[in-house]
Amino acid sequence: MQEAILSLRARGRAKGHLLAFLTVFVWGITFVSTKVLLTVVTPIEILFLRFALCVIHHRVTPFMGARVEALFALAGATGVTLYFFMENIALTMTSASNVGVIVAIAPLFIALIATFVTREERVGVKFFAGFVMAISGIALISFTGAAAGDAGLAGCLLAVLAALAWAVYSTIGKRIAKLGLSTVATTKRTFAWGLVFMMPFLPVMGFGQGAEGAGLVGLLDPVMLGNLLFLGLIASATCYVMWNKAASIVG
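Description of the structure in this document. Keep in mind that what you see is a predicted model, and the values were worked out from it rather than measured. (Residues numbered from 1 in each chain as written. Predicted model: local features only at pLDDT ≥ 70, side-chain atom pairs only at ≥ 80, totals over all residues. Heavy atoms only, no water.)

## Description of the overall build of the chain
Selection rule: Helix and strand definitions follow DSSP, with helices as H or I runs of at least four residues and strands as E runs of at least two, each counted in order from the N terminus. Burial here depends on accessible area, computed with a 1.4 Å probe over protein chains only, as a share of the maximum for the residue type. Under 20% is buried, over 50% is exposed, and the range in between is partly exposed. In what follows, residue pairs with any heavy atoms lying within 4.5 Å of each other are defined as contacts. Here the open area of atoms and residues is found with the Shrake-Rupley method and a 1.4 Å probe, where only the protein chains shown may cover a residue.
Along its length, the chain carries 10 helices and zero strands. Starting at the N terminus, the α and β elements of the chain follow one another as α-α-α-α-α-α-α-α-α-α. Expressed as a percentage of the 251 residues in the chain, the buried residues total 45%. Counted over contacts in the chain with a minimum sequence separation of 6, partners at least 24 positions apart contribute 86%. On the chain, roughly 12900 Å² of surface is accessible, and the fraction owed to carbon and sulfur atoms is 71%.

Below, the structure written as structure tokens:
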């Protein structure tokens, strides 16, 4: 009996790792896809349209009290609005490869938050040695890119801040997972709050004007529309659910 239980747990963790791998694989493609879209639309337009595709025809979870709603709101602000806003702007300032490598340090920030803020985990000397090495590598990428005129130090720093925002979102997502709600429902609730936080920026940043004032007509191009649908339906709607499921299994 005990062996059967251990076997089921091992299979469950294997499933969690597979979901995480597939999610990260798809998200790796999004940097290039977003870079393509930035030729016809602005960062805020990509951000809003991408997540509007995910919630426009789906129900979300009902109101469950101010404290629970605050978790969803903070998750939407950090994991949707802040993370992707900073990432999309960073992509206008530096290469997709630079941003992709830099935001990959998010797990390091997650570990630091779990150790010093929520105090749910402990990290040792090996972790800090690895953290210093990783940050040193990020610094080399950033300063080399800036020196080469690739875009700038500012874009690389925005990518670092995006990684930090994602770390905060992941920490909040762990608490939301403990509510026992459907992963799909909680993900869409988070998206809805992300859209709410985007609203004030739409008129200020000229939503609807497109890149260089060309409007959104560029999205009618099959290639551009395909990239937008990929970002909204696959990389966001599907992958967020997969990521949250994987996190609930393997931590």
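Now that the structure has been shown, the text picks up again.
## Concerning the side chain of Ser-236
Looking at the element boundaries, Ser-236 is found in helix H10 (residues 222-250). When residues no more than four places from it in sequence are discounted, the contact partners of Ser-236 are Arg-50, Phe-51, Cys-54, Phe-191 and Leu-231.

## Considering the packing of aromatic side chains
Rules: In this scheme Phe, Tyr and Trp rings, the latter by its six-membered ring, pair at centre separations within 6.5 Å, and the angle between planes marks the pair as stacked below 30 degrees, edge-to-face above 60, and tilted otherwise.
Under the criterion given, the structure shown has 18 aromatic pairs. Centroid distance Phe-85 to Phe-201: 5.8 Å. Interplanar angle 35°. Geometry classified as tilted. You can see Phe-85 sitting in helix H3 (residues 66-93) and its partner Phe-201 sitting in helix H9 (residues 201-204), a full 116 residues away along the chain. Both rings, one in Trp-166 and one in Tyr-240, keep their centres 5.6 Å apart while their planes meet at 80°; by these two values the pair is edge-to-face. One end of the pair, Trp-166, is in helix H7 (residues 153-177); the other, Tyr-240, is in helix H10, and 74 residues separate them in sequence. The pair formed by Trp-166 and Tyr-240 is uniform in burial state, with each residue classed as buried. Through a chain of ring-to-ring contacts, the aromatic side chains of Trp-27, Phe-51, Tyr-83, Phe-84, Trp-166, Tyr-169, Phe-191, Tyr-240 and Trp-243 assemble into a single cluster.

## Quick notes on helix H4 (residues 96-103)
Two residues of an α-helix separated by three or four positions point the same way, owing to the 3.6 residues in each turn. As a reminder of what qualifies: Here the arc refers to the set of directions running from the helix axis out to each C-beta atom.
Within H4, the full set of buried residues consists of Ala-96, Asn-98, Val-99, Ile-102 and Val-103. End-on, the buried residues of H4 take up no more than an arc of 160°, which puts them together on one face.

## Here's the deal with a nonpolar patch on the surface
We apply this condition: The patch calculation keeps residues exceeding 30% relative accessible area without a salt bridge and links them within 9 Å when they carry like charges or within 5 Å when they are nonpolar (Val, Leu, Ile, Met, Phe, Trp, Tyr). Basic side-chain nitrogens of Lys or Arg form a salt bridge, by our definition, when they fall within 4 Å of a carboxyl oxygen of Asp or Glu.
Taken together, the side chains of Leu-18, Phe-21, Leu-22, Phe-25 and Ile-29 define a hydrophobic patch exposed on the protein surface, amounting to about 500 Å² of accessible area. Here Leu-22 is to be found in helix H1 (residues 2-37).

## Concerning the nonpolar core
The condition is simple: Think of a nonpolar core as a cluster: buried Ala, Val, Leu, Ile, Met, Phe, Trp, Tyr and Cys residues, connected wherever their side-chain atoms sit within 4.5 Å.
Ranked by size, the top nonpolar core spans 61 residues in total, and within it Leu-37, Phe-51 and Tyr-240 carry the most contacts. Not counting residues within four places of it along the chain, the set of residues in contact with Tyr-240 comprises Trp-27, Phe-51, Gly-79, Val-80, Phe-84, Trp-166, Tyr-169, Thr-187, Phe-191 and Ala-235.

## What to know about the packing of helix H8 (residues 183-198) against H10
Selection rule: To obtain an axis, a line is fitted to C-alpha atoms, over the contacting stretch when the element is a helix, and the angle between two such axes runs from 0 to 180 degrees between their N-to-C directions. Put simply, angles under 35 degrees are roughly parallel, angles over 145 are roughly antiparallel, angles from 65 to 115 are roughly perpendicular, and the rest are oblique. Handedness of a helix crossing follows the sense of rotation of the near helix relative to the far helix, less than a right angle counterclockwise being left-handed and clockwise being right-handed. Residues were grouped as follows: Ala, Val, Leu, Ile, Met, Phe, Trp, Tyr, Cys and Pro as nonpolar; Asp, Glu, Lys and Arg as charged; and all remaining residues, including Gly, as polar.
Close contact between H8 and H10 brings their axes to 9 Å; oriented N to C, the two are set at 120°. Accordingly, the angle class assigned to the pair H8 and H10 is oblique. Note that H8 runs across H10; the crossing there is right-handed. Contact with H8, carried on its side by Thr-183, Val-184, Thr-187 and Phe-191, involves Ser-236, Ala-237, Tyr-240, Val-241, Asn-244 and Lys-245 of H10 and no other residues of that element. In terms of residue class, the contact of H8 with H10 is made up of five nonpolar, four polar and one charged.

## So, the packing of helix H2 (residues 43-55) against H10
Orientation of H2 relative to H10, taken along the N-to-C sense of each, is 60°, at an axis distance of 8 Å. Comparing the axis directions of H2 and H10 gives the class oblique. Regarding H2 and H10, the two cross each other, and that crossing is right-handed. Judged by residue contacts, Ile-46, Leu-49, Arg-50, Phe-51, Leu-53 and Cys-54 of H2 engage Leu-228, Leu-229, Leu-231, Gly-232, Leu-233, Ala-235, Ser-236, Ala-237 and Tyr-240 from H10. Of the residues belonging to the contact of H2 with H10, the class tally is 12 nonpolar, two polar and one charged.

## A look at the environment of Thr-186
Relative to the helices and strands, Thr-186 is located in helix H8. In this structure Thr-186 comes out as buried when scored by relative accessible area, which is 8%. Placed 58 residues apart in sequence, Thr-186 and Asn-244 show a C-alpha to C-alpha distance of 9.4 Å.

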